[in-house]
Each structure stands twice: as structure tokens, then as C-alpha cells.
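Summary of the model geometry
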Amino acid sequence: MVDESEARPPPRWALGLALVFSVGMPLLSRTLALPIGDYAMFARIERYHLDLSVTDAAGTRVVPVRSLASHLSRDARFVILPAASNGFGKDQTDLLAGGLGDLTRLLCQLHPSAIQAGARLGRGPLPHQGSREPAARGPLTWTEASALCQR
Amino acid sequence: MKARWTVAVHAFDARFDGLVDGRIYELLRIGLALLLLLRSADFTRPWLSLDHYEWVKGFDFSWSVAESPYLVSPLVPGLVLGARATWLLVRARFALALLLLFRIRLRWIALLLTLFDYALLFADRYRYFHHLQVLYLAIAWLTLSPTRPASGDDLRPAWPLQLLRSALLGIYFASGTAKLTVDWWSGDSLAVLAHLHQMNGRVWTWSSNAFGFGGLAKLVCFAELSLVLLLSLRATRRAGVVLGFVFHGLVSCVLPVSTFGATMALLLASFWPARKCRVSPPAVRARGTAGERAEDVADVGV
């Protein structure tokens, strides 16, 4: 038997919108370079590396990425800590790139004497098949974020 | 011009009209509820080990920061969940998944689950995984599914299933086209994944020896794009479902993809039942009723 009350489809415009959302969202995500819902599924893997620094009265000094470990969630640790040397993954790189500002704010909180905090994310292509060593050096493209710390 | 528009509108209507065996909605609901339960807590750990138990202890997304101050980095600006809200949401989500399993207030529970899932996912940008996005979207889709349970030869409207099928085709298309790159086709991406010990098992050893990284990469890309075509055509739809089952089975043997293979296999099942349509679909829309008995409808495929 058919349930009479639910059998009629919604209006065309509603179905059309739902269809565009369901089919078009992955392609829109890719076009806008958003990591959410692009479903690349291991297709794009990059190398990424993170540098952190704070500037105080004594000058600028490097902050080890691993020193953040206890202030990060389980999931953030999986993405951020490998970047101390070389992390791998495209989605992870995109997620990290979008969160550099948040990292600088955390640095300000962790270093009360800091005037400014900076985060620098380098990302680059995979090493080629001839050298499958993940740590192989290659050109990186850098994205930077900085924050003035309120004292 | 007007005639073409009319034809296009009728074609669009025809894609969403019709009825399907209602039991597919029950299968999808039960399967999705079980997958969400399995993925959001490690309660089967004593007798069943799953990929994600490597990092999920207790409830997934439980508060895991050791020391204050902590990194606040939501994917949606302003969406900040502290320790207490997180504690509450992860438990409420598990309870709601149980209610979904037992079909209690289906659409409301699916809506609440969607809100809780995405609140937890978007409160920390580093929680995002494609397999979670697929699972949560499918849970969101349940808000559109028929509310009354189906059994025996009960028929239910096909349009929610058609939307789910479209979303699945979109995923395969996106995944397949994303692999049309030099890095993927050369096998470099697979080589790095292998180097990072992401790939393992007998299937991987045999297939990488047989086809090489490049050959295997091309096969994966070809399989994903083929699925789009096979699942779109009535004549090959069920062959596409079988190919999809095999494909996800093999991927799950090789890569630690958590519940992704099972989720996709379950969603692929949505392509199995034939869609049955009235003899004149537009006429049904025009008269605003859809009540038909099973013997009055004809199979129209996808």
C-alpha cells in the first residue's frame, strides 16, 4: 500500500535546490578550494610544514610546534604536530591554512610577554616517484598569519 | 523554446515521480543508525576492533584537551563548544542514534542528530573527515524519508531516494574527477600513501605487484567514474551496485578508511530497488494525488 499523505513530491523549486545542493556541492567546494565536502579521497596529497614564532621585548624567537601539544584537541594534534617536520595530506593542509589566525591567538595566550605572534605554513608538492622519501625537500609555498598580542 | 522548457520540466518531474519498495527506507535508517552508533563510541571494543578505535576512546569528539588555554579553531566562526557542552552533546548524540535505530519520532530525531553531529564537527576544524561528512549528510537525508514504517509490499515515494542517489553520484563524480591529475595518474600519491604505511594487507601487496602504483591509480579512477555511468543507467544500475560493493570492499581491505566503506555500501543499496511509476507521471502531479496500488504501476528504473 502507498502512504497517501507523503507520496506527493515537494514543489519543483525545492527539489531543484536539493538536487543542486546534493550534486553540486562537491564541485563548488573544489572550485572554492574548501576542504569540506570536496571528496577528493586521497587524490591530492601535499607536504606541509609549520613554523611558529613570538616576538617580545628581547626579539623574535621560534616556538616549537610540539610545545602546543597539551593545549590541542586530539584531532588538532593529529594535524598540527606532524607539521613540525613534514605532514602529508591536502585536506589537512587546507584545514590548517584556515586556522593559522587561531594558532597565533593561542600563542599570545601561552606567551604573556609576547607583543606579536606569527604562524607560517609551507605547502608543496609530493616528492617524485624516484625519491619516495617523504622528508625530501622541495619548494614550498608559504602562507603567513600574525596577531598583535594584547597585554 | 517553450516546448523545450515543457519537455525539460516533464523530464525533471519524471525523475522524482514514482514509488519504490518501502523497505529500502527501513534498511537505510537501521544501517545509518548502526553506523553512527559504531562510529561515535567504542562500545564494541572488547569483541570487535574497528579502524577508528585507534583514535576514538569512549565517545568520539569527547573533550581531549589536557591543559588550558586551549586552541579554539571552529570551522564555523563563533561556534565554540566548551568541555561541558561537548560532554553533553556526545552523549545526547549516542542516545539519539539509539532512538533512530528504534524509529522513534524519525524526522525529529534525524534533525536533532544532524544538528548535534555538525555542531561537534564544525566546533573544531581538525575533526573533519570525508567519511564523517558522508555519514552526517545521510543522517540529514533521513529528515526527508517517509515517516510511516514499511513492510511487505508497501510502496513509498521515490523522490527522497532519488535525491540520495543523486548525492551519491555527485560524490563518485567528484572523487573520480579529483584523480584526473598528474600526481595521481603517475602513482606518486599512492607511493607516498604506501610509504606512510597507510596501505597494507594481502590485497595491497598483490595488486601493487600486479599493476604497479600507476596502474592501480588509473584503475581506481576508472572505477569511480565508471560507477557514475553504471549507476545512472537503468540497464546497468544493479551491475554498478555490485561493482561498488566490490570496490569499497577492496578499498576497506587496503586502507584504514574507518566506516567509509560500510557507509558507501549501504548508500549504494539505495540503487537496488526499481522505481515504479504511474503510466502518466505528469498527470499525477496535475491532479495532486499519488495514491496507487502496486499493480497499477510500471517499473521505470532509475
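Residues numbered from 1 in each chain as written. Chains lettered and ligands numbered in written order. Predicted model: local features only at pLDDT ≥ 70, side-chain atom pairs only at ≥ 80, totals over all residues. Heavy atoms only, no water.

Attention now goes to the overall build of chain B. Summing up its helical and strand segments, chain B has 12 helices and 4 strands in all. For chain B, the spread of C-alpha atoms along the principal axes amounts to about 65 × 50 × 45 Å. Residues counted as buried form 53% of the 302 residues belonging to chain B. Within chain B, contacts between residues at least 6 apart in sequence are counted, and of these 73% link residues at least 24 apart. For chain B, the accessible surface area stands at approximately 13,400 Å², while carbon and sulfur atoms represent 68% of it. (Helix = DSSP H or I, 4+ residues; strand = E, 2+ residues; numbered from the N terminus. Buried < 20%, exposed > 50% of the residue type's maximum accessible area, 1.4 Å probe, protein only. Contact = heavy atoms within 4.5 Å. Areas by Shrake-Rupley, 256 points an atom, 1.4 Å probe, with all protein chains shown as cover.)

Contacts between chain A and chain B engage 60 residues on the former and 75 residues on the latter. In total, about 6,000 Å² of surface goes out of reach between chain A and chain B, with carbon and sulfur atoms giving 62% of it. At the surface where chain A touches chain B, the tally comes to 3 salt bridges. Between Arg74(A) and Asp60(B) there is a salt bridge, with its nearest N and O atoms 2.8 Å apart. Across the chain A-chain B interface, the total number found is 21 residue pairs in polar contact (both at pLDDT 80 or more). Contributions of two or more residues to the side of chain A that touches chain B are made by α1 (12-31), α2 (74-80), α3 (90-98) and α4 (100-110) of chain A. If one sorts the elements of the side of chain A that touches chain B by residue count, α1(A) sits on top with 12 residues. (Buried area = accessible area lost by both parts, 1.4 Å probe. Salt bridge = Lys/Arg side-chain N within 4 Å of Asp/Glu carboxyl O. Polar contact = N/O pair within 3.5 Å; in protein donor to acceptor, adjacent residues only side chain to side chain.)

Residue and element names in this part refer to chain B. Two elements in contact, helix α2 (residues 23-40) and helix α3 (residues 83-101), have axes whose closest approach is 8 Å; the angle formed by their N-to-C orientations is 160°. As far as their axial angle goes, α3 and α2 are roughly antiparallel. In this structure, α2 crosses over α3, and the sense of that crossing is left-handed. Residues Arg29, Ile30, Ala33, Leu34, Leu36, Leu37 and Ser40 of α2 pack against Arg93, Phe94, Ala97, Leu98, Leu100 and Leu101 of α3. (Axes fitted to C-alpha atoms, helices over the stretch in contact; angles between N-to-C directions. Parallel < 35°, antiparallel > 145°, perpendicular 65-115°, else oblique. Left-handed = near helix turned anticlockwise from the far one by under 90°.)

Residue Pro69(B) follows Ser68(B) across a cis peptide bond; omega there is -5°. Here Pro69(B) shows up in the loop between α2 and α3. The residue Tyr39(A) is not glycine, and still its phi comes out positive at about 50°. Residue Tyr39(A) is classed as buried on the basis of its relative accessible area of 1%. With phi around 45°, Arg105(B) is a residue other than glycine that occupies positive phi space. Mapped onto the secondary structure, Arg105(B) falls in the loop between α3 and α4 (106-122). Residue classification places Arg105(B) among the exposed positions, given a relative accessible area of 59%.

Attention shifts here to the environment of Arg238(B). Looking at the element boundaries, Arg238(B) is found in helix α10 (residues 237-254). Owing to a relative accessible area of 36%, Arg238(B) belongs among the partly exposed residues under this scheme.

All names here are of chain B. Within the secondary structure, His52 is located in the loop between α2 and α3. Using a relative accessible area of 0% as the deciding quantity, one classes His52 as buried. For His52, the side chain forms a polar contact with the side chain of Ser258, separated by 3.2 Å. Those residues in contact with His52 that lie beyond four places of it in its chain are Leu38, Arg39, Ser258 and Thr259.

This next bit is on the packing of α2(B) against helix α6 (residues 159-178) of chain B. Residues and elements named next belong to chain B. Packing of α2 against α6 leaves a shortest axis separation of 11 Å and a crossing angle of 50°. As judged from the angle between their axes, α2 and α6 are oblique. When you trace α2 past α6, the crossing you get is left-handed. Between α2, through Ile24, Tyr25 and Leu28, and α6, the contact on the second element is made entirely by Pro160, Leu161 and Leu164. Its residues assigned to classes, the contact of α2 with α6 comprises 6 nonpolar, no polar and no charged. (Nonpolar A, V, L, I, M, F, W, Y, C, P; charged D, E, K, R; others polar.)

Evaluation of the coordinates by the stated rule reveals 10 aromatic pairs over all chains. Their ring planes at 85° and their centres at 4.9 Å tell us that Trp63(B) and Tyr70(B) sit as a pair that is edge-to-face. For the pair Trp206(B) and Phe211(B), a centre-to-centre distance of 5.9 Å together with 85° between the ring planes defines the contact as edge-to-face. The exposure class of Trp206(B) is exposed, given its relative accessible area of 57%. Feature note: the residues Phe43(B), Phe59(B) and Phe94(B) constitute an aromatic cluster, connected by ring pairs. In this arrangement the basic side chain of Arg120(A) is found over the ring face of Trp142(A), its NZ or CZ atom lying 3.7 Å from the centre. (Phe/Tyr/Trp six-rings, centres within 6.5 Å; stacked < 30°, edge-to-face > 60°. Lys NZ or Arg CZ within 6 Å of the ring centre and 35° of its normal.)

Moving on: α4(B). Owing to its 3.6 residues per turn, the α-helix aligns residues three or four sequence positions apart on the same side. Residue and element names in this part refer to chain B. Helix length check: α4, at 17 residues, gives a terminal C-alpha distance of 24 Å against a target of 24 Å (1.5 Å per residue), a fit within 8%. The buried fraction of α4 amounts to 12 of the 17 residues, a majority that puts the element mostly inside the structure. Looking only at α4, the buried set comprises Leu106, Ile109, Ala110, Leu113, Thr114, Phe116, Asp117, Tyr118, Ala119, Leu120, Leu121 and Phe122. Buried residues along α4 sit against α2, α3 and α5 (130-141). (Expected span 1.5 Å × (residues − 1).)

Turning next to the nonpolar core. With 112 residues, the main nonpolar core has Leu50(A), Ile80(A) and Leu96(A) as its most contacted residues. Top contributing element to this core by residue count: α4(B), with 10 residues. Domain assignment of the residues forming this core places at least three in each of domain 1 (21-145) and domain 2 (157-271) of chain B. What Leu50(A) contacts, discounting residues up to four positions off in sequence, is Val65(A), Ile80(A), Ala83(A), Leu100(A), Leu103(A), Arg120(A) and Leu121(A). (Core = buried A, V, L, I, M, F, W, Y, C linked by side-chain atoms within 4.5 Å. Domains from an automatic or database assignment.)

Here chain A shows a mean pLDDT of 87. Residues at 70 or above account for 87%. At the level of individual helices and strands, chain A shows its lowest average pLDDT in strand β3 (residues 87-88) of chain A, which scores 84, and its highest in α4(A), which scores 96. (pLDDT = per-residue confidence, 0-100.)

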